[in-house]
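# Observations on the model geometry
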Amino acid sequence: MRPDLDPFHAIAISRLAYELQAEGRSVIHMEFGQPSTGAPAAAIARAHEILDSDPMGYWESPALKERIARHYAEQYGVTVEPEQLILTCGASPALVMALASSFKAGDRVALARPGYVAYRNTLKALNLVPVEIACGPEDRYQLTAAHLAALEPAPAGVIVASPANPTGTIIEADELAAIAAVCRERGIRIISDEIYHGLSYVGPARSMLEFAPDALIVNSFSKYFSMVGWRLGWLLSPADHVHRARAYMGNLFLTAPSLSQHAGLVAMDCRDELEGHVEVYRTNRQLLLDALPALGLARIAPPDGAFYIWADIGHLTDDSMSFCQQLLRDTGVATAPGIDFDPVDGHRFMRFSFAASTAQIEEALKRLVPWFAERGRLAPT
Ligand SMILES: Cc1ncc(COP(=O)(O)O)c(C=O)c1O
């Protein structure tokens with residue numbers, strides 16, 4: 001039997017959070033990266049219309065593919081043909097298809113550690129071999145061209161994520177260009193997860209497509225568009241590869257939900273409402289950045305984007321799961337343990353998601369201050 005995949009520990013934290021809530025406790029959810037806002041109002045209105053008028057069969061929206069292709073021209077200045085796009089049920093199946101259609105069993109695929117838990121597990125599920133590269137604060141927890149140049153033998157592929165989960169850090173344009181150049185030289189296929197594009201506090205994130213036209217790009221409506229439960233995303237593949245990926249889509253997933261595709265098309269033009277969410281995250285980010293050092297959490301890389309803060313709690317614990325469970329039980333603040341994102345060093349890290357409302361973040365901080373003060377007092381010096 002194949003080895004089990006690692007569990008997503010934040011799910012266990014979330015389950016406990018909802019149990020406490022059912023007992024009447026007040027809980028603030030900072031464990032998952034999901035917007036607390038719903039889909040844009042106009043997208044919801046469109047969905048209501050469709051429910052009343054459309055039988056909703058298997059379907060891939062040509063209009064949505066055209067709109068996404070236009071987004072690449074407008075946002076990144078790159079030309080994308082609608083046929084290069086496959087609409088998916090979120091970034092998760094897009095990642096499965098990108099990996100399954102690009103690599104054969106046993107191929108090695110590089111990725112940053114810490115990184116999104118599903119990268120490692122999806123690679124394992126597909127009989128691919130994760131090559132985790134330890135990335136520390138000196139690299140702002142991101143892969144570099146130098147890392148990829150030093151790997152012997154060269155891996156078949158690399159997963160790049162900018163802004164990243166769990167750190168929110170962005171890879172600068174010149175480093176993206178350098179990564180693209182090393183990958184071109186060494187024949188490394190790039191899979192770029194751009195799910196947090198649009199959520200950036202230091203200027204827009206650049207697409208890997210600008211530097212590596214043969215990269216596969218994964219994206220989703222879950223984050224910027226605030227449509228997690230609608231399960232909609234896309235995979236963008238080079239023209240000579242897309243038929244391979246499409247065969248996986250047809251066999252494994254068929255199509256993305258039609259209702260979501262209709263709503264997603266409208267959501268793409270709801271910029272004012274969506275930028276309003278980004279302003280809330282910007283405020284929340286600053287609140288946490290201002291407050292965390294006073295809690296003793298000074299070893300953090302300020303996130304350039306996404307809605308996470310990755311904090312080193314090594315002075316307080318070497319068991320991030322128990323630490324987050326205790327924090328939740330004592331304060332009602334749910335967070336994610338670092339072991340989800342880094343199986344080696346994650347026992348001494350935790351991740352805060354600041355996708356909640358500003359009032360909730362303020363309340364969370366009120367509860368965290370005395371709790372961390374007490375821990376700091378008890379911690380060995
Ligand atoms: C980096 C990253 N990629 C992919 C996903 C999966 O997102 P989706 O909801 O689009 O499947 C997530 C979810 O949190 C994520 O953080």
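Notes on the structure in this doc start here. The shown structure was predicted, so the numbers you read here are calculated from the model rather than taken from an experiment. (Residues numbered from 1 in each chain as written. Predicted model: local features only at pLDDT ≥ 70, side-chain atom pairs only at ≥ 80, totals over all residues. Heavy atoms only, no water.)

## So, the overall build of the protein chain
For the record, the criterion: Numbering of helices and strands runs from the N terminus; a helix is a DSSP stretch of H or I covering at least four residues, while a strand is a stretch of E covering at least two. This radius of gyration counts C-alpha atoms alone. The globule rule is 2.2 Å times how many residues there are, raised to the power 0.38. To be clear on the numbers: accessible area is Shrake-Rupley with a 1.4 Å probe, and residue cover counts the displayed protein chains and nothing else.
Counting its regular elements, the protein chain contains twelve helices and twelve strands. The C-alpha radius of gyration computed for the protein chain amounts to 21 Å, which stays within 12% of the reference 21 Å derived for 381 residues, consistent with globular compactness. Reported as C-alpha extents along the three principal axes, the dimensions of the protein chain are approximately 60 × 55 × 45 Å. Taken as a whole, the protein chain presents about 15500 Å² of accessible surface, with 55% of it coming from carbon and sulfur.

## Some points on the site of the ligand
What counts here: Nearness is judged by heavy atoms alone; a residue qualifies as near a molecule or strand once a single heavy atom is within 4 Å of it. The definition of a polar contact used here is a pair of N or O atoms within 3.5 Å, where within protein one atom must be able to donate a hydrogen and the other to accept one, and adjacent residues in sequence count solely through side-chain atom pairs. Note that Gly is not counted as nonpolar here; it falls among the polar residues with everything else outside the nonpolar set of Ala, Val, Leu, Ile, Met, Phe, Trp, Tyr, Cys and Pro and the charged set of Asp, Glu, Lys and Arg.
Taken together, the neighbourhood of the ligand is formed by 13 residues, with Ala91, Ser92, Asp193, Tyr196 and Ser220 sitting nearest. Tyrosine 196 has a polar side-chain atom sitting 2.6 Å from an oxygen atom of the ligand. Between the ligand and serine 222, the relevant distance is 2.7 Å, taken from an oxygen atom to a side-chain nitrogen or oxygen of the residue. When its residues are assigned to classes, the shell around the ligand shows five nonpolar, five polar and three charged.

## Observations regarding the environment of tryptophan 310
Among the secondary structure elements, tryptophan 310 is positioned in strand 9 (residues 308–312). In this structure, the C-alpha to C-alpha distance between tryptophan 310 and leucine 328, residues 18 residues apart in sequence, is 17 Å.

## Notes on the nonpolar core
Soluble globular proteins: nonpolar side chains tend toward being buried together. Convention followed: Only buried residues count toward a nonpolar core, which is a set of Ala, Val, Leu, Ile, Met, Phe, Trp, Tyr and Cys residues joined through side-chain atoms within 4.5 Å. In this scheme, a residue with accessible area under 20% of its type's maximum is buried, one over 50% is exposed, and one in between is partly exposed, where area comes from a 1.4 Å probe on protein chains only. Here a residue-residue contact requires only that any non-hydrogen atoms of the pair lie within 4.5 Å.
Counting residues in each nonpolar core, the largest one holds 121 residues, and the members touching the most others are Tyr72, Met208 and Phe372. Non-local contacts of methionine 208, meaning those with residues more than four positions away in its chain, are made with Val160, Leu176, Ile179, Ala180, Ile190, Ser192, Glu194, Ala215 and Ile217. Tyr141, Trp310, Ala336 and Phe349 belong to the second largest nonpolar core, which has seven residues in total.

## Description of the pattern of salt bridges
For clarity, the cut-off: Should a side-chain nitrogen of Lys or Arg be within 4 Å of a carboxyl oxygen of Asp or Glu, the pair is scored as a salt bridge.
Enumeration according to the criterion identifies 18 salt bridges in this entry. The salt bridge involving glutamate 363 is made with arginine 367; its shortest N-O contact spans 2.8 Å. You can see glutamate 363 and its partner arginine 367 sitting in helix 12 (residues 358–378), four residues apart, about one turn around the helix. Residue glutamate 363 is classed as partly exposed on the basis of its relative accessible area of 29%. The network of salt bridges with common partners includes Asp6, Arg120, Lys124 and Glu132.

## Examining the sheet that holds strand 9
Heads up, the rule is: Whether two strands pair comes down to DSSP finding at least two bridges between them.
The three strands lie next to each other as 9-12-11, forming an open sheet whose pairing is antiparallel. Looking at the sheet topology across the chains shown, the edges are occupied by strand 9 and strand 11 (336–337). Where strand 11 lies against strand 12 (residues 349–353), two bridges are found, and the strand directions are antiparallel. Opposite proline 337, over in strand 12, you have methionine 350 as the bridge partner.

## Focus on the side chain of threonine 169
Residue position: threonine 169 is located in the loop between strand 5 (157–161) and helix 7 (173–186). Reaching out from threonine 169, the side chain makes a polar contact with the backbone oxygen of arginine 140 at a distance of 2.9 Å. Apart from the residues within four sequence positions on either side, threonine 169 is in contact with Arg140, Gln142, Ala161, Ser162, Pro163, Ala164, Ala301, Pro302 and Asp304.

## Describing the environment of tyrosine 281
Along the chain, the position of tyrosine 281 falls in helix 10 (residues 271–291). Residues tyrosine 281 and tyrosine 58, 223 residues apart in the sequence, show an inter-C-alpha distance of 36 Å. Residue contacts for tyrosine 281: discarding those within four places in its chain leaves Pro35, Thr37, Leu199, Tyr201, Phe307, Phe354 and Ala355.

## Regarding the packing of helix 4 (residues 91–102) against helix 5 (residues 117–125)
The cut-off we apply is this: Angles run from 0 to 180 degrees between N-to-C directions of axes, and those axes are lines fitted to C-alpha atoms, restricted for helices to the stretch in contact. In these notes the angle categories are as follows: under 35 degrees is roughly parallel, over 145 is roughly antiparallel, 65 to 115 is roughly perpendicular, and the rest is oblique. Each crossing gets its handedness from the near helix: less than a right angle anticlockwise from the far helix is left-handed, clockwise is right-handed.
Where helix 4 meets helix 5, the axes come as close as 10 Å, and the angle between the chain directions of the two elements is 45°. For the element pair helix 4 / helix 5, the angle class is oblique. Pair helix 4 / helix 5 crosses with right-handed handedness. Where helix 4 abuts helix 5, its residues Leu95, Val96 and Leu99 lie against Tyr119, Thr122 and Leu123. Looking at the contact of helix 4 with helix 5, its residues break down into five nonpolar, one polar and no charged.

## Points about the sheet that holds strand 6 (residues 189–193)
Strand order in this open sheet of seven strands is 2-8-7-6-5-3-4, and the pairing throughout is mixed. The sheet is open, and its two edges are formed by strand 2 (85–88) and strand 4 (129–134), each paired on a single side. Shown here is a sheet whose adjacent strand axes are inclined to one another by a mean of 20°, direction ignored. When strand 6 meets strand 7 (residues 216–220), the two strands line up parallel, connected through three bridges. Residue pairing across strands places serine 192 opposite isoleucine 217, the latter belonging to strand 7. Those strands touched by helix 4 are strand 2, strand 5, strand 6, strand 7 and strand 8 (233–236), and its axis lies near 165° from that of strand 7.

## Here we look at the packing of helix 3 (residues 62–76) against helix 9 (residues 258–267)
Two numbers describe how helix 3 lies on helix 9: the axes approach to 9 Å, and their chain directions differ by 35°. Both helix 3 and helix 9 take part in a crossing whose hand is left-handed. Together, Ala63, Leu64 and Arg67 of helix 3 and Gln261, Gly264 and Leu265 of helix 9 make up the contact between the two elements. Across the contact of helix 3 with helix 9, the residue classes tally to three nonpolar, two polar and one charged.

Any link to function would need more than the numbers given here.
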